[in-house]
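# Observations on the model geometry
One letter stands for each residue in the lines below.
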Amino acid sequence: KDTYRVQVENKTDVEKVMKLCQQKELLVQEFIPEILTCGEFSLIFFNGVFSHGVRKFNVTGDFRIQGQYGGKVEQLELKKDEDCIIKHFAETVLQQTPFQNLLYARKQLTSCGKVC
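### Remarks on the pairing of strand β1 (residues 40-46)
Consecutive residues of a regular strand have side chains that alternate between opposite faces of the sheet. Extensive coverage of β1 is indicated by the burial of six of its seven residues. Hairpin remark: β1 followed by strand β2 (residues 49-58), antiparallel, with two residues in the connecting loop; positive phi at N47, about 50°. The sheet contact formed by β1 and strand β4 (residues 104-109) spans six bridges and is antiparallel. Bridge assignment links F41 to a residue of β4, and that residue is L109.

### A word on a nonpolar patch on the surface
The grouping of Y4, V6, V8, V14 and M18 at the surface amounts to a nonpolar patch, some 440 Å² of accessible area in total. Relative to the helices and strands, V8 is located in the segment before α1 (11-23).

### Here's the deal with the nonpolar core
Counting residues in hydrophobic clusters, the biggest one holds 11 residues: F41, L43, F45, L76, L78, C84, I86, A90, L94, A105 and L109. Elements that contribute at least two residues to this core include exactly β1, α3 (85-96) and β4. Leaving out residues up to four positions away in the same chain, L109 has contacts with E40, F41, L43, I86 and F89.

### Regarding the side chain of N58
Its location among the elements puts N58 in strand β2. At 2.8 Å, the side chain of N58 and the backbone oxygen of Y69 are in polar contact. With sequence-adjacent residues up to four places away left out, N58 is seen in contact with R64, I65, Y69, G70 and G71.

Cut-off values and rules
- Residues numbered from 1 in each chain as written.
- Predicted model: local features only at pLDDT ≥ 70, side-chain atom pairs only at ≥ 80, totals over all residues.
- Heavy atoms only, no water.
- Buried < 20%, exposed > 50% of the residue type's maximum accessible area, 1.4 Å probe, protein only.
- Helix = DSSP H or I, 4+ residues; strand = E, 2+ residues; numbered from the N terminus.
- Pairing = 2+ DSSP bridges.
- Patch = residues over 30% accessible without salt bridge, like charges linked within 9 Å, V, L, I, M, F, W, Y side chains within 5 Å.
- Areas by Shrake-Rupley, 256 points an atom, 1.4 Å probe, with all protein chains shown as cover.
- Salt bridge = Lys/Arg side-chain N within 4 Å of Asp/Glu carboxyl O.
- Core = buried A, V, L, I, M, F, W, Y, C linked by side-chain atoms within 4.5 Å.
- Contact = heavy atoms within 4.5 Å.
- Polar contact = N/O pair within 3.5 Å; in protein donor to acceptor, adjacent residues only side chain to side chain.

Below you can see the structure in the form of structure tokens.
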């Protein structure tokens, strides 16, 4: 709900977002075009330890990856060693966060290149 792809040059888009800001809190993030072609990786950590990962992608061409918009999910088979680029990157980001001893953390990223 209330998920939009907005272009800052479009006055109507900006007005829509400004109106929503008056009604509720929003999470605004930059659109990453690789989401359309490669999808998004979610890596899940419990107590700072990697648990599992998934790749979420859309098969209809929509930018949203939720199931109601044509999104699909597949389990990631990540190598256990440090050669897995996205796992190593997510672990590094987690270590550098100002919040430590997190019970749960999810790192989301995208890559169209080699991931493991």
